[in-house]
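# Structural overview for review
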Amino acid sequence: MRNRKFFAFGLSFALTFGFLMLRRMQAQDKAPSTMTSIDPYLMDRDAEIAMARSAAPPSVAKDATVMVLGRHGYETAVEGKNGFVCVVGRSWDAPKDDPSFWDPKIHGPICLSAPAVRSFLPIYLKRTELAIAGRSNTQIEAAIIDGIAKGELPTPEPGSVSYMLSKQGYLNEGVKGPWRPHVMFFVSEIDPKSLGSDLGNDVPLDAREETIGRYTTVDVPVGNWSDGTPSPQMTGGH
Amino acid sequence: MSTNLHPIEHEELMAYLDGELPADQASEALSHLDLCAECQTLAADFRIVSQDLMAWEVESQEGGISSEIDAALGERLHKREAAKVSLPRVRIGVMPSRWGWAGALAIVCVAVGMTLMLTSRNRNEDRSTAYPSMASIEQYLMPDRNSEIALARSAAPESISRDAKVLVLGWRGYETAAQGKNGFVCMVERSWMAPFNSAEFWNPKVRVPQCFNPAAARSILPLSIKRTEMVLAGLSKAQMIDSIKAGFDNKELREPEPGAMCYMMSKAGYLNDALGHYEPHLMFYFPLTDKSSWGADLPDSPVTLNPQFQGGPEPITEFVVAVDKWSDGTVAPVM
């Protein structure tokens, strides 16, 4: 009888310990703590300019500022004149627990409107600066939260919108590509359901709360890629 | 080389006022007209000319021909009759006909010109002044309440509209026909939600199904309610504009809340004579801003500006993003 009690206790302890170890290993697998090298994230400069511009219709992109990733952060490659800024986003824009947080395959071409340049781009550039400086995913996220709380980083201005119409992007492992061409705008924190998102598969938009940046993104798929070709019908969010 | 820096030529503007532009060009012209003071002045001038032409008539001689002229004409006629008798026939045929043919030709030219002008004038009258004033209220009402409820709900996908509140237009304004539980409000707007300078401001055929999200139900819907109340109260456009301005000044009306938007995905709507039911789309509302900040209305942009408000007088900007399906799930044709 006593042996059976010891056996049960030992089994319970082993299972609990094993489960905790497994969770820790899984967490470590999800997101390595820091960037190992900037090299895998760098692109040919002209290719990056072209990819960045492919995010928007030519009528927008041709007069936009283009920024490309260098060894010390983003730098202006082309000066624009319409207030838009086009960049190719990298993986560290994801939530800290996203398994692809350091995935060098991630390329998100995006052209931001002037209000978004003022109120969203600084957050992404800060993330990039911290990533290159060797901060961990957890530290990056904490710094963003702190920066917004202190008013050092902005929250979205009205009219903050972006174009993501490139068929060259690779947004994440889930879609393994560019998802659908879409217009994405940034709204101060708002419940996605109040926009109709998640109420049914027949709703033609996808909204998500970005609790770290204290805003909600609203994606509205559109009919054509930036090169004018029609996009295939797809369902689900990205 | 043209020095016109506007996206529409003067001839296109005239064609727009005459309702002769295709839908896409009409939309572009309307967008530009709403923002361009110079073109608004030009359009007003065109309309004045058109109205003057319509008002112009050949004055009738109510007092008859004066006695002096009458006497002179009588004397001349008498001489002509005498000449008919005294002059050889061939001379009668040659001398008067030279001046006569010239006069006749002039009369024909004037007559043809007048006919062409009046034809053109009547065409303008049929189109640009098709809806010069408010029709009887019955023409704006939908006789079947259930049809209006169904039309209102058709603005959004069923997963939204089935739990939305529905308003219908009655004799005294909009009234609640169905209570909702998800914060969305669906209704069928009428023509007076068009820009005040729209030629179709009083078009009784217009039916615009819309479902406002909660943020728009709080900050945009009150505009529809207010305009409707003023219309039914018989206010003039100038009075309505003044009242709306005052409403924003005294905070009775307010700027759009963040995230204010609406669904317009009904294939049964009738936006206006130029667009018909248009295409399924979403509309997003912002405090008044320039359309260039969104890249709207550029040739290949998927975003367009709806000139519904745009400071005239509501300080609100509406951006439109087309979607690919109607609310019933069927695929919309590419426009």
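Please read all numbers here as calculations on a predicted model, not as lab measurements.

A word on the overall build of chain B. Broken down by element type, chain B carries 11 helices and 8 strands. Counting only residues that meet the buried cut, chain B has 42% of its 335 residues in that class. Taking all contacts inside chain B whose residues are at least 6 apart in sequence as the whole, residues at least 24 apart take part in 64%. Accessible area of chain B: about 18000 Å², with a carbon and sulfur share of 58%.

A separate point is the overall build of chain A. Counting its regular elements, chain A contains 6 helices and 8 strands. Starting at the N terminus and ending at the C terminus, chain A contains elements arranged as α-α-α-β-β-β-β-α-α-α-β-β-β-β. Of all intrachain contacts in chain A linking residues separated by at least 6 positions in sequence, the fraction that spans at least 24 positions is 64%. Approximately 11800 Å² of chain A is accessible, and the part contributed by carbon and sulfur atoms is 56%.

Glancing now at the pattern of salt bridges. Between side chains of opposite charge, a pair can form as their charged atoms come close. All names here are of chain A. Applying the stated criterion to the full structure yields 27 salt bridges over all chains. Between Lys126 and Glu129 there is a salt bridge, with its nearest N and O atoms 3.5 Å apart. Of this pair, Lys126 and Glu129 both sit in helix H5 (residues 121-132), 3 residues apart, which is roughly one turn of that helix. Taking relative accessible area as the criterion, Glu129 reaches 46% and is therefore assigned partly exposed. A single salt-bridge network, built from bridges that share partners, covers Asp206, Arg208, Glu210 and Asp219.

This part takes up the nonpolar core. One finds A:Leu205, A:Val220, B:Tyr263 and B:Leu282 to be the most contacted residues of the largest nonpolar core, which totals 56 residues. Counting 40 residues, the second-largest nonpolar core is a separate cluster that includes B:Trp192, B:Phe201, B:Leu253 and B:Met283.

With a phi angle near 70°, A:Asp198 is a residue other than glycine that sits in the positive phi range. Residue position: A:Asp198 is located in the loop between strand E6 (182-188) and strand E7 (206-210). In this structure, B:Asp297 is a non-glycine residue whose phi angle is positive, near 70°. Residue position: B:Asp297 is located in the loop between strand E6 (281-287) and strand E7 (303-306).

Attention now moves to the confidence of the model for chain B. Residue and element names in this part refer to chain B. In this model, chain B carries an average pLDDT of 75, and 61% of its residues clear a pLDDT of 70 or more. Taken as a whole, residues 47-74 scores under 50 in pLDDT and shows 14 contacts with residues more than four places along the chain or in a different chain. A low-confidence stretch, residues 109-126 (pLDDT under 50), is modelled with 14 contacts involving residues beyond four sequence positions or located in other chains. Across the assembled chains, the prediction reports ipTM 0.79 with pTM 0.70.

All names here are of chain A. Overall, mixed pairing links the 8 strands, which are arranged E2-E1-E3-E4-E5-E6-E8-E7 in an open sheet. A single partner strand is all that each edge strand has here, and the edge strands are strand E2 (73-78) and E7. The mean inter-strand angle of the sheet, taken between neighbouring strand axes irrespective of direction, is 30°. Relative to strand E5 (residues 161-164), strand E4 (residues 108-112) is paired through 2 bridges, and the arrangement is antiparallel. Bridge assignment links Cys111 to a residue of E5, and that residue is Tyr163. Packed onto the sheet, helix H2 (residues 45-53) meets strand E1 (65-70), E2, strand E3 (85-89) and E4 and runs at close to 135° relative to E1.

Residues and elements named next belong to chain B. In spatial order, the strands read E2-E1-E3-E4-E5-E6-E8-E7; together these 8 strands make up an open sheet with mixed pairing. A single partner strand is all that each edge strand has here, and the edge strands are strand E2 (173-178) and E7. Recorded for the sheet is a direction-independent mean angle of 30° between the axes of neighbouring strands. Bridging between strand E5 (residues 261-264) and E6 involves 4 bridges; their strand directions are antiparallel. The residue of E6 that forms the bridge with Cys262 is Met283. The sheet strands contacting helix H7 (residues 145-153) are strand E1 (165-170), E2, strand E3 (185-189) and strand E4 (208-212), and the helix crosses E1 at an angle near 130°.

Bringing the state of the cysteines into the picture now. Residues and elements named next belong to chain B. This model, assessed by the stated rule, comprises 2 disulfides over all chains. Residue pairing for Cys186: its cysteine sulfur links by disulfide to Cys211, the two sulfurs lying 2.0 Å apart. For the disulfide bridge between Cys186 and Cys211, the dihedral angle about the S-S bond is near 105°, and by the sign convention the bridge is right-handed. Taken together, the residues Cys186 in strand E3 and Cys211 in strand E4 connect sequence positions 25 residues apart. Here the two residues Cys186 and Cys211 agree in accessibility, since each one is buried.

Turning next to the interface of chain B and chain A. The interface of chain B with chain A comprises 31 residues on the first partner and 31 residues on the second. At the boundary of chain B with chain A, total buried surface from both sides reaches about 2300 Å², with 68% on carbon and sulfur atoms. Linking chain B with chain A are 1 salt bridge, by the criterion used here. In this structure, the salt-bridge partner of B:Asp324 is A:Arg180, at a minimum N-O distance of 3.1 Å. For the interface between chain B and chain A, the tally reads 9 residue pairs in polar contact (both at pLDDT 80 or more). Secondary-structure elements contributing two or more residues to the side of chain B that touches chain A are helix H8 (158-161), E5, E6 and strand E8 (316-322) of chain B. For the side of chain B that touches chain A, the element with the most residues is E6(B), which contributes 4 residues. In the side of chain B that touches chain A, the residues fall into 20 nonpolar, 7 polar and 4 charged.

This brings us to H2(A). Residue and element names in this part refer to chain A. Taken residue by residue, H2 has Glu48, Ile49, Met51 and Ala52 as its buried positions. All buried residues of H2 lie within an arc of 165° about the axis, which places them on one face of the element. Looking at the packing, one finds that the buried side of H2 touches E1, E2, E3 and E4.

The next thing to look at is the confidence of the model for chain A. Residue and element names in this part refer to chain A. For chain A, the mean per-residue pLDDT works out to 85, and 84% of the residues sit at or above 70. Across chain A, the element-wise mean pLDDT spans from 48 in helix H1 (residues 2-30) up to 98 in E1. Counting interchain partners and residues more than four positions distant, the pLDDT-below-50 stretch residues 13-28 has 0 contacts. Here residues 234-238 is modelled with pLDDT under 50, and outside its nearest four sequence neighbours on either side it reaches 14 contacts, counting other chains as well.

Looking now at the packing of helix H10 (residues 221-232) of chain B against helix H11 (residues 237-249) of chain B. Residue and element names in this part refer to chain B. As a packed pair, H10 and H11 sit with axes 11 Å apart at the nearest point and diverge in direction by 145°. Here the hand of the crossing between H10 and H11 comes out right-handed. Across the interface between the two elements, Leu223, Lys226, Arg227, Met230 and Val231 from H10 touch Met240, Ser243, Ile244 and Phe248 from H11. Classifying every residue of the contact of H10 with H11 gives 6 nonpolar, 1 polar and 2 charged.

Criteria and thresholds
Residues numbered from 1 in each chain as written. Chains lettered and ligands numbered in written order. Predicted model: local features only at pLDDT ≥ 70, side-chain atom pairs only at ≥ 80, totals over all residues. Heavy atoms only, no water. Helix = DSSP H or I, 4+ residues; strand = E, 2+ residues; numbered from the N terminus. Buried < 20%, exposed > 50% of the residue type's maximum accessible area, 1.4 Å probe, protein only. Contact = heavy atoms within 4.5 Å. Areas by Shrake-Rupley, 256 points an atom, 1.4 Å probe, with all protein chains shown as cover. Salt bridge = Lys/Arg side-chain N within 4 Å of Asp/Glu carboxyl O. Core = buried A, V, L, I, M, F, W, Y, C linked by side-chain atoms within 4.5 Å. pLDDT = per-residue confidence, 0-100. Pairing = 2+ DSSP bridges. Axes fitted to C-alpha atoms, helices over the stretch in contact; angles between N-to-C directions. Disulfide = S-S within 2.5 Å. Buried area = accessible area lost by both parts, 1.4 Å probe. Polar contact = N/O pair within 3.5 Å; in protein donor to acceptor, adjacent residues only side chain to side chain. Nonpolar A, V, L, I, M, F, W, Y, C, P; charged D, E, K, R; others polar. Arc of directions from axis to C-beta. Left-handed = near helix turned anticlockwise from the far one by under 90°.

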